[in-house]
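Commentary on secondary and tertiary structure
Single-letter residue listing:
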Amino acid sequence: MAAEKFEVVVIGTGWHGLIGAKTYLEFKPDANLILVDDQASIGGVWCAEKIYPTLFAQIKYGQFEYSCFPMRKEGITADGYISGKTIHEYLNDFAREYDLVRRARLRTKVVTVDRLPGGGWRLNLDGKPAIECAKLIYSSGPTSHPVIPSWPQSNFNSPIIHSSDTGSHLGALGKIRRATVVGAAKSAYDAVFLLLKAGVKVDWIIREDGSGPLAIVPPTLLGMVTSVEAAATRIVGMLSSSIMCTRGPGYQFFQRTPVGRALAQAFWKGLTWVSAAHAGYAKSPNAQKLRPLPHGNGIFWTNAGLGVASVPDFWKVFHSGDCTIHLTEISSLTDGNIVSLRNGAQYETDYIVLCTGFDKSYQTFSKEQLEAYGIMPNPDEAEKWTELETDAEKTINQLLPAIKDSPLKGREYVHDNSERGTLHGPSRHYRRLIIPSLAAQGDRSIYFPGFIHTIYTPLVSEVQALWGVAFLLGLQDLPSQPGMEREVAEWNVWARKRYLAQGRKHAYCIWDWLSYIDLLLEDLGIKTQRKSNMFSELFLPILPKHYHGLIDEFRQSNAKKLKTI
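Residues numbered from 1 in each chain as written. Predicted model: local features only at pLDDT ≥ 70, side-chain atom pairs only at ≥ 80, totals over all residues. Heavy atoms only, no water.

**Remarks on the sheet that holds strand S20 (residues 346-348)**
The sheet built from three strands is open, its strands ordered S18-S19-S20 with antiparallel pairing. Edge positions in the sheet fall to strand S18 (330-334) and S20, since each of these pairs with one other strand and no more. Strand-to-strand twist of the sheet, defined as the mean angle between neighbouring strand axes without regard to direction, takes the value 20°. Inspection of the sheet shows S18 paired to strand S19 (residues 338-341) by four bridges, in the antiparallel sense. Residue pairing for S19: Ser332 is matched across the bridge by Ser340. (Pairing = 2+ DSSP bridges. Helix = DSSP H or I, 4+ residues; strand = E, 2+ residues; numbered from the N terminus. Axes fitted to C-alpha atoms, helices over the stretch in contact; angles between N-to-C directions.)

**Focus: the pairing of strand S12 (residues 201-206)**
In terms of burial, S12 is a largely internal element, five of the six residues being buried. Crossover strand S11 (residues 178-182) to S12 through helix H4 (residues 186-197) is right-handed. Two strands pair when backbone bridges link them, and S12 and strand S17 (residues 323-327) are joined in this way by five bridges, in the parallel orientation. Its bridge partner being in S17, Val202 is matched across the sheet by Cys323. (Buried < 20%, exposed > 50% of the residue type's maximum accessible area, 1.4 Å probe, protein only. Right-handed = clockwise from strand over helix to strand, strands pointing away.)

**Some details on the sheet that holds strand S10 (residues 160-162)**
Spatially, the five strands line up as an open sheet ordered S10-S21-S11-S12-S17, and their pairing is parallel. Edge positions in the sheet fall to S10 and S17, since each of these pairs with one other strand and no more. Between one strand axis and the next, the sheet turns by 20° as a mean value, whatever way the strands run. Where S11 and S12 come together, five bridges link them in parallel fashion. The residue of S12 that forms the bridge with Arg178 is Lys201.

**A closer look at the pattern of salt bridges**
The tally for this structure, following the rule as stated, stands at 31 salt bridges. Between Lys186 and Asp190 there is a salt bridge, with its nearest N and O atoms 2.8 Å apart. Taken together, the residues Lys186 and Asp190, both in helix H4 and four residues apart, mark about one turn of the helix. Classification of Asp190 by relative accessible area gives buried; the value is 10%. Of the charged contacts in the structure, one is a salt bridge between Glu537 and Arg234, with a shortest N-O distance of 2.6 Å. (Salt bridge = Lys/Arg side-chain N within 4 Å of Asp/Glu carboxyl O.)

**What about a nonpolar patch on the surface?**
A contiguous nonpolar surface patch, about 260 Å² in accessible area, is contributed by Phe253, Val259 and Leu263. Along the chain, Phe253 falls in helix H7 (residues 248-256). (Patch = residues over 30% accessible without salt bridge, like charges linked within 9 Å, V, L, I, M, F, W, Y side chains within 5 Å. Areas by Shrake-Rupley, 256 points an atom, 1.4 Å probe, with all protein chains shown as cover.)

Just geometry here; none of it tells us what the structure is for.
Structure representation (structure tokens):
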């Protein structure tokens, strides 16, 4: 059967897919564009199948929305955090508002992606005719391919589910006596809270030789400002040692002077102390096991990632609930639903919830494509990238001396892809979006939004969409291939020095999202200062509403550029 042909195909109907489709249609309203998603409803990680009552975003109301489409104030906690149901409804409202629902093909799984000889892409689907397109927005995101570990089993009958399937198991989870939660990501904290709230006894397993527990900040800091509001200020970004923020007096003071670096370090250690006091790690030896690495400054380094206690009573429920933390791993699952641990402990469990995270969802590409497209290392280019990264490290050490040396030297966690069969490791994409080698050949047919890790997903996705669509339509200039590759090397070296384990696994910029979108906006010729005065620009939160009208600003900037040519 002949393949169906389209101008544009968008893979994914989450934050990045929806805004990517909407942005493309802003420039080409008559484009033959569709979105495909293997879920049964629109929303990506926030689709109806994946949400449950105690699931809340880590970002406050007013910050977790597109600039062009305000969110209704429903399902919000007293601290301003947003329920999963509210986010699901918001994304569906957005899809209806911009006429994307009729373009969405749900329950449509892409099995393989091939580059066509004459240009464009062919998507082979599971049980359906293939589709071909001139342009591909690959926005399946970082939470579409669950990592499922396995252990020796013998007559083990208790259900084993991934955290992404929690929503479809709520009825059963509310009736069991004892459950096991594996992992230390934010999803593990959410699962533990859900189970303890239901009166279930929880065994929480965290690898001792892994990156450790998540760094958790409280919903509010000293009762005055929410944590996510602080993270949305430029002053915090200046304190963060960002490779994307190496200009101006703030950078010069906080990163290049001993006094400034001491003040920055005091800020981060103070924030770590406040977070530890709120969590109550000192209340018991059990709770002590949740202290993030490195001890004393875990909030800055976020070695295992950063989360917000977005459910107001999380720590109260944890301390009063029946939860035992095991710093070890499962060795086997045996008859009688017995979990055996490597430290010799054994116990019976009714359910296992795997909060083991997600792999990069590039499984639709062949190994040759993965290497050619910068998604995994290409052995044939090892010497080139070693040289690039050696030069990049010298640059970063000189620009950002605060992160020159790792606080976990000799204890850095290195993810073993061969053992777990994953694609973990940052991609070699320019601006985290495009393939340098293809772009240098003039191929502007694909970009990869959403594979950057930041909790400010909606605004980051909106700016990525504008940058990506401008790239697809040839509306912006690019550096040479060597220039793009230098940028890639500097980012990847910076990420692993700045964020340790997370930077080795992902394109991670949890404290540096503002400097990232500044970088993209500068490429597009759009002003990065979004407020009327410097005080509010530095010390008050940046919100999506401050970026309203980005597309018009880009059009005006592009028109001026064309007049000068």
